[in-house]
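Chain and residue survey
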Amino acid sequence: MYLKTLSVLTVAFLSLLFLVMATFLPTGTSLVASNEEDPDLTCLAQAVYFEARGEPFSGQIAVAQVVHNRVLAKSMSYCEVVFEGSHRRNACQFSFACDGKSDTPRDLVSWDRALKLSALVKSGYMRDLSGNATFYHANYVSPLWSQHLEKTANIGNHIFYRKM
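Residues numbered from 1 in each chain as written. Predicted model: local features only at pLDDT ≥ 70, side-chain atom pairs only at ≥ 80, totals over all residues. Heavy atoms only, no water.

**Looking at the state of the cysteines**
Where we set the bar: Two cysteine sulfur atoms make up a disulfide if the distance between them is within 2.5 Å. In DSSP terms, a helix is any run of H or I states spanning at least four residues, a strand is any run of E spanning at least two, and both are numbered starting from the N terminus. Exposure classes here rest on a 1.4 Å probe applied to the protein chains alone. A residue is buried below 20% of its type maximum, exposed above 50%, and partly exposed in between.
Tallied over the full model, the rule gives two disulfides. The disulfide that involves C43 links it to C79, with 2.0 Å between the sulfurs. Handedness of the C43-C79 disulfide follows from its S-S torsion of about 90°: it is right-handed. Within this pair, whereas C43 is found in helix α2 (residues 39–52), its partner C79 is found in helix α4 (residues 78–82), the two being separated by 36 residues in sequence. Each sulfur in the disulfide pair C92 and C98 lies 2.1 Å from the other. An S-S torsion of about -80° defines the bridge between C92 and C98 as left-handed. On the basis of relative accessibility, which here comes to 6%, the residue C98 falls in the buried class.

This is the structure in structure tokens:
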């Protein structure tokens, strides 16, 4: 019970901290490097924006962490991980990367939030809320591949997994 309460309090604190930072940092302020200087930051932010912008803050962190965990596991860049398989329509790792739609963010407030959150995750400043997950899917689908993985978390509308 103590660990669950501590975890909830940690998420609440991080959410409040991020809200304060996002509110009071000027738009375009980067915590590490600008996305023009760091294409991997842009790729990670695209994954957060297109896959989880409507999710709670903890869900956005978890999606970013899945990408981060894959980068570490595969020794690939963030862009290589995010756009892996994107040459095949609707057969890539992250659905936005191969759905045929524009990958240009239109909601600039959500995009700015995704950039800041991605900078924190990429720099290692965020605790992994995904449970070291390297896979996730929306809770309204049940892909066959999920049967062969260990469920690690259920955050917002996503279910997170890692290899057993």
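**What about the packing of helix α3 (residues 57–74) against helix α5 (residues 108–122)?**
We count it as follows: Note on geometry: axes are lines fitted to C-alpha atoms, helical ones only across the stretch in contact, with angles between N-to-C directions running from 0 to 180 degrees. Here the word oblique covers every angle except those under 35 degrees (roughly parallel), over 145 (roughly antiparallel) and from 65 to 115 (roughly perpendicular). In this scheme the handedness of a crossing depends on how the near helix is turned from the far one: anticlockwise by less than a right angle means left-handed, clockwise means right-handed. In what follows, residue pairs with any heavy atoms lying within 4.5 Å of each other are defined as contacts. Each residue is assigned to one class: nonpolar for Ala, Val, Leu, Ile, Met, Phe, Trp, Tyr, Cys and Pro, charged for Asp, Glu, Lys and Arg, and polar for all the others, Gly among them.
For the pair α3 and α5, the least separation of the axes is 10 Å and the interaxial angle reads 50°. With respect to their mutual orientation, α3 and α5 come out oblique. As for how α3 packs across α5, the hand of that crossing is right-handed. On α5, the residues touching F57, Q60, I61, A64, Q65 and H68 of α3 are R113, L117, V121 and K122. For the contact of α3 with α5, the class distribution of residues is five nonpolar, three polar and two charged.

**Here we look at the packing of aromatic side chains**
As a reminder of what qualifies: To pair, rings of Phe, Tyr and Trp, with the six-membered ring standing in for Trp, must have centres within 6.5 Å; the planes then decide the type, stacked if under 30 degrees apart, edge-to-face if over 60, and tilted in the middle. Whether a charge sits over a ring comes down to the Lys NZ or Arg CZ being within 6 Å of the ring centre and within 35 degrees of the ring normal.
Under the definition given, this model contains eight aromatic pairs. Between F83 and F96, the ring centres sit 5.7 Å apart and the planes meet at 70°, which makes this aromatic pair edge-to-face. Taken together, the residues span a long stretch of sequence, with F83 in the loop between α4 and α5 and F96 in the loop between α4 and α5 at a distance of 13 residues. For F83, a relative accessible area of 24% gives the class partly exposed. The exposure class assigned to F96 is buried, which follows from its relative accessible area of 4%. With a centroid separation of 5.9 Å and an interplanar angle of 80°, the aromatic rings of W145 and Y161 are classed as edge-to-face. Of this pair, W145 sits in the loop between β1 (135–138) and β2 (149–155) while Y161 sits in strand β3 (residues 158–163); the two residues are 16 residues apart in sequence, bridging distant segments of the chain. A residue is classified by how much of its surface remains accessible, and W145, at 36% relative accessible area, is partly exposed. Among the aromatic residues, those joined into a cluster by ring pairs are Y49, F50, F83, F96 and W111. The cationic tip of R53 hangs over the ring face of Y49; the distance from NZ or CZ to the ring centre is 4.4 Å. One residue, R70, lies across the ring of F135, its end atom 5.0 Å from the ring centre.

Interpretation note: all reported values are geometric properties and have no functional meaning in isolation.
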